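Survey of secondary and tertiary structure
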Amino acid sequence: MAVKKVLRLGNPTLRKISQPVDESEITTKDFKKLIGDLFDTMRFEKGVGLAAPQIGVLKRVVVVSKEEENERYPDTPKIIDQVLINPVITPLSPPDGGFWEGCLSVPGMRGFVERPAKIKIEYYDEKWKFHSKVIDDFNAVVYQHECDHLDGVLYVDRLKSSKLFGYTDEVDTKGKELD
Ligand code: ZN
């Protein structure tokens with residue numbers, strides 16, 4: 001397993017639609033390496049989630065994980081390590097939640113995005129067990145942000161206003177809180 005280069009905004013691969021994973025792939029060496037590389041890269045970069053296209057693999061796979069303490073997102077809850085394969089999100093509320101999002105593909109920047117604060121997410125894990133969960137608040141933001149990557153969408157496409165976007169050390173991300 002290895003730390004991979006994270007593709008940055010402007011790289012055309014980030015704008016492509018990723019392909020669904022077939023159950024027969026999950027036992028292959030390549031697929032196991034992909035999961036390992038995603039976790040290694042996410043941890044190295046101190047991210048809370050990473051989608052396969054961000055390391056150049058156009059497959060519908062996302063990993064999420066967050067320790068209690070994360071310097072990029074202080075005061076947010078822990079997220080247990082999860083692999084999400086072929087995730088599908090159904091919003092359960094209007095876009096009533098908002099958060100200053102960041103992205104490893106847009107380093108050094110933050111932007112305010114409003115999204116549904118409550119969602120249902122359905123996915124397969126790395127053992128092909130099916131999960132259906134209702135998620136809210138910060139975790140719902142993370143899942144929606146990561147799943148957007150699978151459709152070539154970045155948070156900068158969803159900014160509430162171009163004025164609510166800037167360098168992390170310049171914008172006042174304390175000004176707005178997660179609803
Ligand atoms: Zn991202």
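Our subject is the structure that appears above.
Described in the following lines is the structure provided in the data block. (Residues numbered from 1 in each chain as written. Predicted model: local features only at pLDDT ≥ 70, side-chain atom pairs only at ≥ 80, totals over all residues. Heavy atoms only, no water.)

Focus on the state of the cysteines
Defined as follows: Two cysteine sulfurs form what is called a disulfide whenever their separation falls within 2.5 Å. Relative accessibility under 20% of the residue-type maximum defines a buried residue, over 50% an exposed one, and the middle range a partly exposed one, all with a 1.4 Å probe and only protein chains included.
All chains considered together, the criterion is met by zero disulfides. The closest cysteine sulfur to the non-disulfide-bonded C147 is located on C103, 13 Å from its own sulfur. For C147, a relative accessible area of 9% gives the class buried.

Some thoughts on helix α2 (residues 137–149)
Heads up, the condition is: Only runs of H or I of at least four residues qualify as helices and only runs of E of at least two qualify as strands under DSSP, and these elements are numbered from the N terminus. Expected helix span is computed as 1.5 Å times (number of residues minus one).
Its 13 residues give α2 an end-to-end C-alpha distance of 19 Å, which sits within 8% of 18 Å, the value for a rise of 1.5 Å per residue. If you check which residues of α2 are buried, you get F138, N139, A140, V141, V142, Y143, Q144, H145, E146, C147, D148 and H149.

Overview of the layout of surface pockets
Selection rule: Using a grid of 1 Å spacing that covers the protein atoms alone, one calls a set of points a cavity when a 1.4 Å probe fits there but cannot get out, and a pocket when the set is open and has protein on both sides within 12 Å along at least five of seven lines; lining residues are those with an atom within 4 Å of a point. Grid points are joined across faces, edges and corners, and a volume is the space filled by probe spheres set on the points. Note that Gly is not counted as nonpolar here; it falls among the polar residues with everything else outside the nonpolar set of Ala, Val, Leu, Ile, Met, Phe, Trp, Tyr, Cys and Pro and the charged set of Asp, Glu, Lys and Arg.
Put simply, the second largest pocket is a space of about 240 Å³. Around the second largest pocket, the lining comprises 14 residues; the ones closest to its centre are I89, R115, Q144, D148 and R158. The element that contributes the greatest number of residues to the lining of the second largest pocket is strand β3 (residues 79–91), accounting for four residues. Per-class residue counts for the lining of the second largest pocket are seven nonpolar, one polar and six charged.

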